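The chain contents come next:
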Amino acid sequence: MEKLGFFLGIFAAIFSIVVPLVLSRTLPFNSEISVLDVSSSLSRTQDLFSLNPQNVLSSKHEVHHRRPAVSTDGSALSFQLHSRLSVRGSSEKDYNTLTLARLARDSARVRAIQTRLDLASLGIKKADLTPLESEFGEEKLEGPVISGTSQGSGEYFCRVGIGHPSTQAYMVLDTGSDVNWVQCAPCADCYQQADPIYDPGLSSSFTPLTCETQQCQSLDVSECRNGTCLYEVSYGDGSYTVGDFVTETITFGGSAAVDNVAIGCGHNNEGLFVGAAGLIGLGGGRLSFPSQINASSFSYCLVDRDSDSASTLEFNSAAPPDAVTAPLVRNSKLDTFYYVDITGISVAGDLLSIPPSTFEMNDNGSGGVIVDSGTAVTRLQTEAYNSMRDAFRKGTKELPTAASVALFDTCYDLSSRKSVEVPTVSFHFSNGKALSLPAKNYIIPVDSSGTFCFAFAPTASALGIIGNVQQQGTRVSYDLANSLIGFSPNKC
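Predicted, not measured: the structure shown is a model, and the values here were computed from it.

Things to note about the overall build of the protein
On a plain count of helices and strands, the protein comes out with eight helices and 34 strands. Looking at the protein residue by residue over its 492 residues, the buried ones come to 54%. Put simply, 72% of the contacts in the protein that link residues at least 6 apart link residues at least 24 apart. By element, 52% of the accessible surface of the protein is carried by carbon and sulfur atoms, the whole surface being about 20100 Å².

Here it is in structure tokens:
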């Protein structure tokens, strides 16, 4: 019996050591350490250049007959969501070049968002800005120099039908925009898209809006021509869309049709929209799609942007019961963006000494932290970023370092590793809850050779942005009725 007790004691001691180690790998969200699968990440960077965007579509010329219309009374709606690469492929020669192109687009978008909010906090309206004239036939339409976001950084597309009968098209998904629009025939100037240009002459549900309508009056920039409404939306990188403001029927794949959605019919469009036929605005303004259908909630799950898998964008569906929720805050100066009430950040379980006021919105509408589907890399105020980065570096001293890449100043050479353990990074919210990020959402490859970087960046702006790299693989739910935002990892 003494021998049996001795062996049981040894077994118990070994078990107490081994089991926590196993759990730290299988349950990284509940530990101070997260495991990054280096081999899997590198494999995706190599495989993506063999993706065939044609495989995403059953037919690029599909035309659907009308499905039953739904009212805007809270009915559930859902449609497919695809990564940019799965739709249009890549023209870059390698993954490093692709990364640099993504980061350049991302920087342009962030500058545009920051400028737009800076102007709003100063009480400067678009009508106060020096106009930018754009040709539209013989008419001229005035628009602002600065507006919205740079659509060049749109990384996620949704598949919708437009008109009756509906013509399928890819549209950029954007929580930072309100105006929906699509390229329309006849084109004065249209960029190349994946699908045929939508022809309103073939749709029985196409209806121009008059200048007196509430939809026309809600536009930031509009003008009348023969009693009908013209719109223009211009973006921070010089891109723009100009055309007729109309109502149309929008159809969701495998779902139903929504009638009388206000949408821009763009005859003159230019910029880095690459492949998409237009844009679905998910912002909080009156003209956004959620506002027009009176949605009480919407959610999306952003799949890995280096894969050809798809997920869904859903309206009026309940958030997963295990979602980490946080207060959803709105800006009285500009209603487009969705703010999350962050109070702190922890690294490896240690809450950093960052004043909560760093993340707060000021009375004039500046500052705060928004959740944005179109920005790739999360931006934090410089002092907050430096504190987080230094703590992360302290926990990765054993990893071989590499030279900085573009806006990333903390990079590693993981070419000889199959997996690595890194400190867990978590966001803390004002309601006491915390969201722990998986390692793949903040240590990302920047080439196919094994260089990985810490995927956050500093900003001199008071505005923080949670980008889509940190949202990948997570269902993000916007509960508009209860002013909550939810995060549900691994719910794609």
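A word on empty space enclosed by the protein
Leftover empty space is mapped by rolling, across the atoms, a probe with the size of a water molecule. One pass over the structure, following the stated rule, counts six cavities of 30 Å³ or more. Size it by volume and the largest cavity reaches roughly 220 Å³. If you go around the largest cavity, you meet 18 residues; those closest to its centre are Tyr-95, Asp-306, Ile-444, Pro-445 and Gln-472. Contributing elements (two or more residues each) for the lining of the largest cavity: α2 (38-47), α4 (95-121) and β29 (443-445). Among the elements that take part in the lining of the largest cavity, α4 stands out by supplying four residues, more than any other. The residue makeup of the lining of the largest cavity, split by class, is eight nonpolar, four polar and six charged.

Quick word on unusual backbone geometry
Here the bond from His-164 into Pro-165 is cis, since omega is 0°, no more than 30 degrees from zero. In this structure, Pro-165 sits in the loop between β7 (156-162) and β8 (166-174). Here the amide bond leading from Ala-185 into Pro-186 is cis, since omega sits at 0°, within 30 degrees of zero. Its identity is not glycine, yet Ala-348 carries a phi of approximately 55°, on the positive side.

Re the sheet that holds strand β30 (residues 451-454)
Taken together, four strands build an open sheet; the order of strands is β24-β25-β30-β29 and the sheet is antiparallel. Each edge of the open sheet is held by one strand with a lone partner, namely β24 (401-402) and β29. Where β29 and β30 come together, three bridges link them in antiparallel fashion. Paired with Ile-444 across the two strands is Cys-453, which belongs to β30.

Regarding the nonpolar core
In this structure, Tyr-300, Phe-315, Met-388, Tyr-442 and Phe-456 are the most contacted members of the largest nonpolar core, which totals 75 residues. Not counting the four nearest positions on each side in its chain, Tyr-300 is found in contact with Leu-81, Leu-173, Thr-175, Thr-312, Leu-313, Val-371, Ser-373, Gln-471, Thr-474, Arg-475, Val-476 and Tyr-478. Cys-229, Tyr-231, Val-233 and Phe-245 belong to the second-largest nonpolar core, a separate cluster that totals 14 residues.

Comments concerning the sheet that holds strand β20 (residues 342-347)
Pairing within the open sheet is antiparallel, and its four strands lie in the order β21-β20-β27-β28. A strand with exactly one partner marks an edge of an open sheet, and here the two such strands are β21 (350-351) and β28 (434-436). Sheet analysis places β20 next to strand β27 (residues 425-429), joined by five bridges and oriented antiparallel. Across the sheet, Gly-344 pairs through a bridge with His-428, a residue of β27. Most of the contacts of helix α7 (residues 382-394) go to β20, to which it runs at about 20°, and overall it touches β20 and β27.

Describing α2
Along an α-helix, a turn takes 3.6 residues, which lines up residues three or four apart on a common side. Turning to α2, its buried residues are Val-38, Ser-41, Leu-42 and Thr-45. The buried residues of α2 all sit within an arc of 95° when viewed along its axis, so they share a single face. Measuring from the backbone nitrogen of Ser-39 back to the side-chain oxygen at the start of α2 gives 3.3 Å, which picks out Asp-37 as the cap.

Thoughts on the confidence of the model for the protein
Confidence along the protein averages 82 in pLDDT terms, with 78% of residues attaining 70 or more. Scored below 50 in pLDDT, residues 54-71 makes 42 contacts in the model with residues more than four places away or belonging to other chains.

Here we look at the pattern of salt bridges
A complete count under the given rule lists 10 salt bridges for this structure. The closest approach of N and O atoms between Asp-304 and Arg-44, which form a salt bridge, is 2.9 Å. One end of the pair, Asp-304, is in the loop between β16 (297-301) and β17 (310-315); the other, Arg-44, is in helix α2, and 260 residues separate them in sequence. Take Arg-44: its relative accessible area is 25%, and that puts it in the partly exposed class. The closest approach of N and O atoms between Arg-379 and Asp-106, which form a salt bridge, is 2.5 Å. Placement of Arg-379 in strand β23 (residues 378-381) and of Asp-106 in helix α4 is noted, with a sequence separation of 273 residues between them. Here the two residues Arg-379 and Asp-106 agree in accessibility, since each one is buried. When salt bridges that share partners are traced, they join Arg-389, Asp-390, Arg-393 and Asp-409 into one network.

Thresholds, definitions, all that
- Residues numbered from 1 in each chain as written.
- Predicted model: local features only at pLDDT ≥ 70, side-chain atom pairs only at ≥ 80, totals over all residues.
- Heavy atoms only, no water.
- Helix = DSSP H or I, 4+ residues; strand = E, 2+ residues; numbered from the N terminus.
- Buried < 20%, exposed > 50% of the residue type's maximum accessible area, 1.4 Å probe, protein only.
- Contact = heavy atoms within 4.5 Å.
- Areas by Shrake-Rupley, 256 points an atom, 1.4 Å probe, with all protein chains shown as cover.
- 1 Å grid on protein atoms, 1.4 Å probe; cavity = no way out; pocket = protein on both sides within 12 Å on 5 of 7 lines; lining within 4 Å.
- Points joined across faces, edges and corners; volume = space filled by probe spheres on them.
- Nonpolar A, V, L, I, M, F, W, Y, C, P; charged D, E, K, R; others polar.
- Pairing = 2+ DSSP bridges.
- Core = buried A, V, L, I, M, F, W, Y, C linked by side-chain atoms within 4.5 Å.
- Axes fitted to C-alpha atoms, helices over the stretch in contact; angles between N-to-C directions.
- Arc of directions from axis to C-beta.
- Polar contact = N/O pair within 3.5 Å; in protein donor to acceptor, adjacent residues only side chain to side chain.
- pLDDT = per-residue confidence, 0-100.
- Salt bridge = Lys/Arg side-chain N within 4 Å of Asp/Glu carboxyl O.

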